[in-house]
Amino acid sequence: SAIAAGYFFTQVPGGALADKFGAKNVVTAALTLSALCCLAIPAACDNFGVSGLWVVMALMGAVQGPLFPTSTVFLSRWMPKKVPGGTDEKAWGTSMLDIGISVGSL
């Protein structure tokens, strides 16, 4: 629940950051900060116990929140536009992203 608490608050700002600073930069920053949170977990547990773990996990959720909206920015900019008589690649890419999230959680 700690990851979801942090994740909830940063999805919309994450999409705005991706539009402003670029999706690659936002993904790079989010994954770097997430890795630093992973490295901080043992120290937080040793020094603050379960509440320290909860705080670090909530922070990890907050820095991972921008990843999903940033992936939609990637799709909208990099997938080919629909051509008459052709398939809609953006719809296909979005479907694969959503299927991957659902299957990945099983």
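Residues numbered from 1 in each chain as written. Predicted model: local features only at pLDDT ≥ 70, side-chain atom pairs only at ≥ 80, totals over all residues. Heavy atoms only, no water.

### Focus on the nonpolar core
The line we're drawing: Working definition of a nonpolar core: buried Ala, Val, Leu, Ile, Met, Phe, Trp, Tyr and Cys residues. They are joined through side-chain atoms within 4.5 Å. Relative accessibility decides the category of a residue: with a 1.4 Å probe and only protein chains considered, values under 20% of the type maximum give buried, values over 50% give exposed, and everything between is partly exposed. The criterion used for residue contact is that any of the two residues' heavy atoms lie within 4.5 Å.
Ranked by size, the top nonpolar core spans six residues in total: Cys37, Ile41, Ala44, Val56, Met60 and Val63. Filtering out sequence-adjacent residues up to four positions away, Cys37 remains in contact with Val56, Leu59, Met60 and Val63.

### A few points about a nonpolar patch on the surface
In plain terms, the rule: For patch detection, residues must exceed 30% relative accessible area and be free of salt bridges, and they are connected within 9 Å for like charges or within 5 Å for nonpolar side chains (Val, Leu, Ile, Met, Phe, Trp, Tyr). Per-residue and other accessible areas follow the Shrake-Rupley method at a 1.4 Å probe size, with only the shown protein chains counted as cover for residues. Here a salt bridge means any side-chain nitrogen of Lys or Arg lying within 4 Å of a carboxyl oxygen belonging to Asp or Glu.
The grouping of Trp92, Met96, Ile99, Val103 and Leu106 at the surface amounts to a nonpolar patch, some 580 Å² of accessible area in total. In this structure Ile99 comes out as partly exposed when scored by relative accessible area, which is 44%.

### Describing the packing of helix α1 (residues 2-21) against helix α3 (residues 67-78)
Put simply, the rule is: Orientation is described by axes fitted as lines to C-alpha atoms, over the contacting stretch for helices, and by angles from 0 to 180 degrees between their N-to-C directions. A run of H or I in DSSP counts as a helix once it spans at least four residues, and a run of E counts as a strand once it spans at least two, with each numbered from the N terminus. What sets the label is the angle itself: under 35 degrees gives roughly parallel, over 145 gives roughly antiparallel, 65 to 115 gives roughly perpendicular, and the rest give oblique. When residue character is reported, Ala, Val, Leu, Ile, Met, Phe, Trp, Tyr, Cys and Pro are called nonpolar, Asp, Glu, Lys and Arg charged, and the others, Gly included, polar.
Two elements in contact, α1 and α3, have axes separated by 7 Å at closest approach and are oriented at 30°. It follows that α1 is roughly parallel to α3 by the angle criterion. Of α3, the residues touching α1 (which contributes Tyr7, Gln11, Gly14, Gly15, Ala18 and Asp19) are Phe68, Pro69, Thr70, Val73 and Arg77. Of the residues in the contact of α1 with α3, the class split is five nonpolar, four polar and two charged.

### Some points on the pattern of salt bridges
All told, the structure shown has one salt bridge when counted by the stated rule. Where Arg77 meets Asp19, a salt bridge forms, and the shortest distance between an N and an O atom there is 3.6 Å. Taken together, the residues Arg77 in helix α3 and Asp19 in helix α1 connect sequence positions 58 residues apart. Of the residues examined, Arg77 reaches a relative accessible area of 48% and is grouped as partly exposed.

### Concerning the confidence of the model for the protein
Keep this limit in mind: What pLDDT reports is the predictor's confidence in each residue, on a scale of 0 through 100.
In this model, the protein carries a mean pLDDT of 88, and residues with pLDDT of at least 70 account for 100%. At the low end of the mean pLDDT range in the protein sits helix α4 (residues 89-104), at 83; at the high end sits helix α2 (residues 23-64), at 95.

### Digging into α1
Short version of the rule: In this analysis, the expected span of each helix is defined as 1.5 Å times one less than the number of residues it contains. Bending is quantified residue by residue as the angle between axes fitted to the seven-residue window ending at that residue and the seven-residue window starting at it.
Taking 1.5 Å per residue, 20 residues should reach 28 Å; α1 reaches 27 Å between its end C-alpha atoms and fits that length. Roughly 45° is the biggest bend found in α1, and it falls at Gln11, with proline Pro13 one to four residues downstream. Burial in α1 covers these residues: Ala2, Gly6, Thr10, Gly14, Gly15 and Ala18. Contacts made by the buried residues of α1 are with α2 and α3.

### With respect to the packing of aromatic side chains
Between two aromatic rings, the relevant description is the distance of the centres plus the angle of the planes. Rules: Only centres within 6.5 Å qualify two rings of Phe, Tyr or Trp (six-membered ring in Trp) as a pair; their planes then separate them into stacked at under 30 degrees, edge-to-face at over 60, and tilted for everything else.
What the rule picks out here adds up to two aromatic pairs. When the ring of Phe8 is compared with that of Phe9, the centres are 5.0 Å apart and the planes differ by 85°; the resulting orientation is edge-to-face. Here the two residues Phe8 and Phe9 agree in accessibility, since each one is exposed. An angle of 55° between the planes, with centres 4.6 Å apart, marks the rings of Phe74 and Trp78 as tilted. Here Phe74 pairs with Trp78, and both are found in helix α3, just four residues apart, close to one helical turn. Look at Trp78 and you get exposed, because its relative accessible area is 58%.

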